[in-house]
Amino acid sequence: MHGTTTGQDLYEEVSRCVNEMGLPWEKLVGLTTDGAPAMCGHRSGLVARMRERMWEENVTDELTAYHCIIHQESLCGKALKMEHVMSTITRAVNIIRAKGLNHRQFKAFLGELDTEYGDLPYHTEVRWLSRGKVLQRCFELREEICLFMESKGKDTTELQDETFLCEMALLCDITSHLNVMNLQLQGRGCVISEMYSTVKAFKTKLSLRETQMRKENLSHFSSCQTMKEKLSFAVFPSAQFADKLNILAADFQRRFADFEAQKSRFEPLSNPIAVDVESAPPNLQMELIELQCNDTLKEKYERVGVAEFARFIPDTMPQLRFQAVWTLSMFGSTYLCEQLFSLMKLI
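In this report, the structure presented in the accompanying data block is examined. (Residues numbered from 1 in each chain as written. Predicted model: local features only at pLDDT ≥ 70, side-chain atom pairs only at ≥ 80, totals over all residues. Heavy atoms only, no water.)

## Looking at the environment of Leu 170
Phase 1: Relative to the helices and strands, Leu 170 is located in helix H10 (residues 162-185).
Phase 2: Judged by relative accessible area, Leu 170 falls into the buried class, the value being 0%.
Phase 3: The residues contacting Leu 170, other than those within four sequence positions of it, are Met 82, Met 213, Phe 221, Cys 224, Phe 241 and Lys 244. (Helix = DSSP H or I, 4+ residues; strand = E, 2+ residues; numbered from the N terminus. Buried < 20%, exposed > 50% of the residue type's maximum accessible area, 1.4 Å probe, protein only. Contact = heavy atoms within 4.5 Å.)

Below is the structure:
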């Protein structure tokens with residue numbers, strides 16, 4: 001696209017592509033966006049325009065719109081309001097990396113100290129995983145960084161403050177956990193129901209971590225555990241950090257409410273063997289019973305997994321087949337689009 005990218009501009013371009021490819025509007029079941037106003041505006045956003053077009057085409061099925069799961073997960077991390085920690089670390093990294101001489105001297109300095117790592121990575125907001133890598137490396141080299149910056153006449157008071165170091169340790173651990181989930185959500189073969197399950201598992205883990213933090217159990221916070229052992233004062237701010245985990249959990253709950261509302265539509269495909277038939281949509285209940293009593297299909301599901309199983313649902317279960325196609329045709333994230341854009345930039 002060239003020029004403006006308003007909701008109307010986006011709609012016209014998408015509509016043109018749909019018509020040129022001869023795609024039937026009644027087959028459109030889901031639309032995944034990055035959450036931008038041009039996409040999600042209630043009146044003139046792309047989603048609103050697409051729903052209006054479907055109504056004009058006499059399509060009775062509802063268009064389900066989602067905000068990209070990976071974008072949502074990234075935004076949840078900002079709910080902690082710990083930007084001051086990242087900005088201090090970024091300034092330190094930039095002092096070392098921005099000037100070639102400083103950078104070369106720092107690497108030589110690390111070599112003289114015989115440290116495990118020989119350099120610092122750059123942090124960039126564009127790359128999803130860079131924050132976690134920078135935090136982890138800076139935490140592990142925190143003493144060496146302070147020594148080097150002091151040799152350059154730079155103030156390291158904040159970098160040596162124990163309260164700041166505790167906050168840095170917490171952010172390091174949480175970002176590490178978020179990055180693990182981020183990697184699980186990426187890839188070409190991710191099914192939206194499996195992505196939802198990944199997020200649901202993370203929320204459950206987060207609840208456990210909050211409970212453990214309140215009890216000063218740092219089993220899942222290795223950096224925090226390191227800081228607790230090195231503190232000169234007696235009390236590690238466990239209660240304060242548990243409150244931050246609670247805020248993060250609440251933000252996850254709010255941002256993924258749309259996916260929670262579709263839970264009953266995801267489960268018949270994500271877990272057809274064990275799903276509670278009574279809680280399933282009525283049109284699927286009889287076919288689910290047949291499926292759960294069919295040993296051949298159960299074995300097939302265990303062997304091929306969610307994405308491939310839809311191919312083996314027999315014609316005698318038309319409602320389940322339709323539900324499977326509906327679920328598999330939805331994208332939980334804009335990962336494939338962003339991957340394509342990255343490849344186009346490299347060409």
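## Some details on empty space enclosed by the protein
Phase 1: Under the criterion given, the structure shown has three cavities of 30 Å³ or more.
Phase 2: Volume-wise, the largest cavity comes out at about 80 Å³.
Phase 3: The set of elements that each furnish at least two residues to the lining of the largest cavity consists of helix H5 (83-97), helix H8 (142-151) and H10. (1 Å grid on protein atoms, 1.4 Å probe; cavity = no way out; pocket = protein on both sides within 12 Å on 5 of 7 lines; lining within 4 Å. Points joined across faces, edges and corners; volume = space filled by probe spheres on them.)

## Some thoughts on the pattern of salt bridges
A pair can form between side chains of opposite charge whenever their charged atoms are brought close.
Phase 1: Scanning the model with the defined rule gives 13 salt bridges in all.
Phase 2: Note that Glu 158 is salt-bridged to Arg 91, the shortest N-O span being 3.9 Å. Of the two residues, Glu 158 sits in helix H9 (residues 157-160) while Arg 91 sits in helix H5, which places them 67 residues apart along the sequence.
Phase 3: Of the residues examined, Glu 158 reaches a relative accessible area of 37% and is grouped as partly exposed.
Phase 4: Residue classification places Arg 91 among the partly exposed positions, given a relative accessible area of 47%.
Phase 5: Here Asp 295 makes a salt bridge to Lys 298, at a shortest N to O gap of 3.9 Å. Taken together, the positions of Asp 295 and Lys 298, both in helix H17 (residues 295-304) and three residues apart, correspond to about one turn of that helix.
Phase 6: Among the residues examined, Asp 295 registers a relative accessible area of 58% and is labelled exposed. (Salt bridge = Lys/Arg side-chain N within 4 Å of Asp/Glu carboxyl O.)

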